[in-house]
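The chain contents come next:
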Amino acid sequence: MCTAKAMTELYERNKEVASKYVHATSRGHEAIQLALGLQLKPQDYLSAYYRDDSILLAIGMRPYELMLQLLAKKEDPFSGGRTYYCHPSLRREYMPKIPHQSSATGMQAIPTTGVAMGIWYREKLGIPEYAGEEKSLAVCSLGDASITEGEVAEALQMAVLKKLPILYLVQDNEWDISAHAKEFRSMDASEYAKGFKGLETRTIDGTDFIKCYETLEEVIALIRKERRPFLVHAKVPLLNHHTSGVRKEWYRDDLAEQAKRDPFPKLKNRLLAAGYEEKELAAIETKTQLLVEEDYQRALKAEEPKPEDLFTHVFAPTTITEEKGERAPKGKQATVMVDSALFAIRELMDKHKECLLYGQDVGRRLGGVFREAATLAQQFGDERVFNTPIQEAFIIGSTVGMSAAGLKPIVEVQFADYIWPGLNQLFTEVARSNYLSNGKWPVSMILRVPIGAYGSGGPYHSSSVESIVCNIKGLKIAYPSTGADLKGLMKAAYYDPNPVVIFEHKGLYWSKIKGTEDAKTIEPDENYILPFGKARIVLENKKNPGSAPAVTVITYGMGVYWAKAAAKEFEGRMEIIDLRTLNPLDEDAVFNSVRKNNRCIVLTEETLNNSFAQALAGKIGQECFEFLDAPVRCMGAENLPAIPLNSILEATMLPNAEKLGKTIREVLNY
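Calculation criteria
- Residues numbered from 1 in each chain as written.
- Predicted model: local features only at pLDDT ≥ 70, side-chain atom pairs only at ≥ 80, totals over all residues.
- Heavy atoms only, no water.
- Helix = DSSP H or I, 4+ residues; strand = E, 2+ residues; numbered from the N terminus.
- Rg over C-alpha atoms; globule rule 2.2 N^0.38 Å.
- Buried < 20%, exposed > 50% of the residue type's maximum accessible area, 1.4 Å probe, protein only.
- Contact = heavy atoms within 4.5 Å.
- Areas by Shrake-Rupley, 256 points an atom, 1.4 Å probe, with all protein chains shown as cover.
- Expected span 1.5 Å × (residues − 1).
- Pairing = 2+ DSSP bridges.
- Axes fitted to C-alpha atoms, helices over the stretch in contact; angles between N-to-C directions.
- 1 Å grid on protein atoms, 1.4 Å probe; cavity = no way out; pocket = protein on both sides within 12 Å on 5 of 7 lines; lining within 4 Å.
- Points joined across faces, edges and corners; volume = space filled by probe spheres on them.
- Nonpolar A, V, L, I, M, F, W, Y, C, P; charged D, E, K, R; others polar.
- Salt bridge = Lys/Arg side-chain N within 4 Å of Asp/Glu carboxyl O.
- Parallel < 35°, antiparallel > 145°, perpendicular 65-115°, else oblique.
- Left-handed = near helix turned anticlockwise from the far one by under 90°.
- Polar contact = N/O pair within 3.5 Å; in protein donor to acceptor, adjacent residues only side chain to side chain.
- Core = buried A, V, L, I, M, F, W, Y, C linked by side-chain atoms within 4.5 Å.
- Phe/Tyr/Trp six-rings, centres within 6.5 Å; stacked < 30°, edge-to-face > 60°.

Tallying secondary structure elements over the protein gives 25 helices and 19 strands in all. Over its C-alpha trace the protein gives a radius of gyration of 28 Å, about what one expects of a compact globule, namely 26 Å for 670 residues. Across its three principal directions, the C-alpha atoms of the protein cover 95 × 55 × 45 Å. Per-residue burial for the protein yields a buried fraction of 60% across its 670 residues. Considering only residue pairs separated by 6 or more positions, the protein has 80% of its internal contacts joining residues 24 or more positions apart. As displayed, the protein offers around 26800 Å² of accessible surface, 52% of which is attributable to carbon and sulfur atoms.

It is worth spelling out unusual backbone geometry at this point. At the junction of N583 and P584, the peptide bond is cis and its omega measures out at 0° in the coordinates. The topology assignment puts P584 in the loop between strand 17 (581–583) and helix 22 (587–597). With a phi angle near 55°, A72 is a residue other than glycine that sits in the positive phi range. Inspection of the secondary structure puts A72 in the loop between helix 5 (63–70) and helix 6 (109–125).

With 15 residues, helix 14 (residues 337–351) extends 22 Å between its outermost C-alpha atoms, agreeing within 8% with the 21 Å of an ideal straight helix rising 1.5 Å per residue. Considered for burial, the residues of helix 14 that qualify are M337, V338, S340, A341, L342, A344, I345, E347, L348 and M349.

Our next topic: the pairing of strand 2 (residues 138–143). Counting buried residues along strand 2, six of its six residues qualify, which places the element largely inside the surrounding structure. A two-sided burial pattern is seen for strand 2, the buried positions comprising A138, C140 and L142 on one face and V139, S141 and G143 on the other. Relative to strand 2, strand 1 (residues 45–47) runs parallel, the two sharing three bridges. Opposite Y45, over in strand 2, you have A138 as the bridge partner. One ladder, built from six bridges, connects strand 2 with strand 3 (residues 166–172); its direction is parallel. Bridging across to strand 3, C140 finds its partner in Y168.

Let us look at the sheet that holds strand 12 (residues 500–505). With mixed pairing, the seven strands of this open sheet are ordered in space as 8-7-9-10-12-11-17. The sheet is open, and its two borders are formed by strand 8 (385–387) and strand 17, each paired with just one other strand. Strand after strand, the sheet turns through a mean of 20° between neighbouring axes, direction not considered. Pairing geometry for strand 7 (residues 355–359) and strand 9 (residues 408–412), over five bridges, is parallel. Note on strand 9: the bridge partner recorded for L357 is I410. Lying over the sheet, helix 14 contacts strand 7, strand 8, strand 9, strand 10 (446–451) and strand 12, oriented at roughly 135° with respect to strand 7.

This part takes up the layout of surface pockets. If a probe the size of a water molecule is rolled over the atoms, the empty space left behind becomes visible. In this structure, the largest pocket spans a volume of roughly 580 Å³. Elements with a minimum of two residues in the lining of the largest pocket: helix 1 (2–13), helix 4 (53–58), helix 10 (209–226), helix 12 (263–273) and helix 13 (278–300). A total of six residues in the lining of the largest pocket trace back to one element, the largest contributor, which is helix 13. In the lining of the largest pocket, the residues fall into 18 nonpolar, three polar and four charged.

This model, assessed by the stated rule, comprises 43 salt bridges. A salt bridge links K306 to E303; the shortest N-O distance between them is 2.3 Å. Salt bridges sharing common partners tie together E200, R202, E218, E226 and R228.

Okay, the environment of A484 next. The topology assignment puts A484 in helix 20 (residues 483–495). Looking at A484, the relative accessible area reads 2%, which means it is buried. Each C-alpha atom of the pair A484 and L90 lies 40 Å from the other, and the pair is 394 residues apart in sequence. Discounting residues that sit within four places of it in the chain, A484 has contacts with R327, S340, T521, I522, P524 and Y528.

Okay, the packing of helix 14 against helix 20 next. Between helix 14 and helix 20, whose axes approach to 8 Å, the crossing angle comes to 30°. One element, helix 14, and the other, helix 20, form an angle in the roughly parallel class. As for the relative orientation of helix 14 and helix 20, their crossing is right-handed in sense. Contacts between helix 14 and helix 20 involve M337, S340, A341, A344, I345, E347, L348 and K351 from the former and G483, A484, L486, K487, M490, K491, Y494 and Y495 from the latter. Its residues assigned to classes, the contact of helix 14 with helix 20 shows ten nonpolar, two polar and four charged.

With that settled, the discussion passes to the side chain of H352. Its place among the elements puts H352 in the loop between helix 14 and strand 7. Look at H352 and you get buried, because its relative accessible area is 14%. Looking at H352, its side chain comes within polar contact range of the side chain of Y495, at 2.8 Å. Discounting chain neighbours no more than four positions away, the residues touching H352 are R384, Y494 and Y495.

Our focus in this paragraph is the nonpolar core. For soluble globular proteins, nonpolar side chains are generally found buried alongside one another. Counting 87 residues, the largest nonpolar core has Y168, L447 and I620 as its most contacted members. The dominant element in this core, judged by the number of residues it contributes, is helix 6, at eight residues. Other than its neighbours up to four places away in sequence, I620 contacts I554, V590, F591, V594, C600, V602, F625 and V632. Ranked by size, the runner-up nonpolar core spans 56 residues in total, among them M7, Y85, L216 and V232.

The end-to-end C-alpha distance of helix 20, which contains 13 residues, comes to 19 Å, matching closely the 18 Å that a straight helix rising 1.5 Å per residue would cover. With respect to burial, helix 20 is a largely interior element, twelve of its 13 residues being buried. Here helix 20 has its buried residues at G483, A484, D485, L486, K487, G488, L489, M490, K491, A492, A493 and Y494.

The final tally for this structure, using the stated rule, is 16 aromatic pairs. Pairing Y358 with F386 gives two aromatic rings, centres 5.0 Å apart and planes at 5°, and the pair type is stacked. Of the two residues, Y358 is situated in strand 7 and F386 in strand 8; the sequence distance between them amounts to 28 residues. Each of the two residues, Y358 as well as F386, counts as buried. Pairwise contacts between aromatic rings join F370, F415, Y418, Y509 and W510 into one cluster.

The next thing to look at is the sheet that holds strand 16 (residues 574–578). With respect to topology, five strands assemble into an open sheet ordered 14-16-15-18-19, the strand pairing being mixed. The open sheet terminates on both sides in strands that have one partner only, identified here as strand 14 (536–539) and strand 19 (633–637). With strand direction ignored, the average angle separating the axes of adjacent strands in the sheet is 25°. Of the strand pairs in this sheet, strand 15 (residues 551–555) and strand 16 are connected by five bridges, and their pairing is parallel. Across the sheet, T555 pairs through a bridge with D578, a residue of strand 16.

Here is the structure:
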């Protein structure tokens, strides 16, 4: 506690330097934080939020290590200078594991509950995690204001539904930033938690170290033994600034009153009453002040990151770099695309106990609204294939924790239109974890997203969203157009340590739309793997010198079949490139084709303005300018807010072969 206090005071004395990068400290919260950190084991998982430096000290971190992050130094053990003070991510054998999390304003509840779900799953399936006697648990630390965040409710709902081994520690200092509790909540965390049946709570004075320690000792023992969730609500003062950038004196009038609840003199008086000498305690204070000052001076001299450090750990390395296995084994009939995905997952689950599937309606009764998970629950059990509530944020964000627990989750958002509630988790938690943890915590997951317009699905079942997802850096993105590609990419995604989004066009699932019959393919063998970043030449143009003008059509998904239908009119004058993956992108295949044919159309089902297709067209124009005989053209859906239900209006909005043919003629005649 002396160390935490000395660090806060040092940062304040040196605020011109220490506040270059925003930081917060634990002053006022130290008692509850130390009581927790001292009781965590190496097999446990911790989600510590931005005011939790006392927890980090308690698990064994040194002030110097925390100061490396304060000053954004190269050897910052959490992120290598990439993220704020007390945004930890740690992977040491002798300390609790700390997966990466964001700035922790409630979003961390879902990934951390995902960790607890991973622990639960491993215990159900008998997958050993460690050799010790005491079972592991997850701890999610939260500020009181973040409890009002909707994603916290999703996490608590799943914790009680599955009876997960997790402790939610809520530190209630009654302040948001400048908003006071009476402005942002109608009940405190312990009252709110009563709405979640099965979530037992404790409310304590978070400034009383002994009471905090004893309460957490009891609760942690119960979680380890009974495997159920708890919430501990600790009432504490905020004695320092909200952050170094939002200073307490600007807006608070309760500082004198709050100082009376300081946990530091409380603990000191308890020790004096227990028989310790004043000089003993003073010696500890002096010793820690010297240590903190020495560590600070040392941290100031530590190496800064180099410019080239910016580009490391965008993705974890993958071993999947070559196409392997048999793509079209002899003696087999063509398989519809939806079954190719089903068979791929079945083979993966059969081979890997750590593979599991969850989402809305994928469980035993239905097996997915498209039957894309049919029979999987019957074969592998309800612990491995299970339904979730309508919680897209939880479905996506929980994969961070599941992956941290050593599992490989395959999850599903029922329609692309429903991905929006999950984008916060996809962007903030899933995609950034490897980069901001400096390579310690890649999120190994697959997100399946049925996409596209098919059969008058209307405005809530027809959207294309790939441009939005492509703007989330740190994701790999597939958009196959055949069953063989879907199976091969699914296998590649499983063995890739990075997060993968697979868009699966609903209109290609069963090849019911005229002209999409080629989406049905011979099912590749079990060993078939198709690496990301390898486009497919669907139709090759054997162009010779002096031949008629030709055009490259670059597309993916349903666009492949519009292009194939249009090509019947332009024999020998058209080449079709199916991208198969949008990130990584096979730029060589794209540029080589455009340089050969000198004309290019980028075709998408999305609305055109500000789309992935337009961005790709711009890149082609930049890289292939001297080879082009016509401007690069883009073609997509009409730029309207939604796809209408009526089939005539739907057809009017979307591209098709006839519309594409008109554009091809214009480009060829340019």
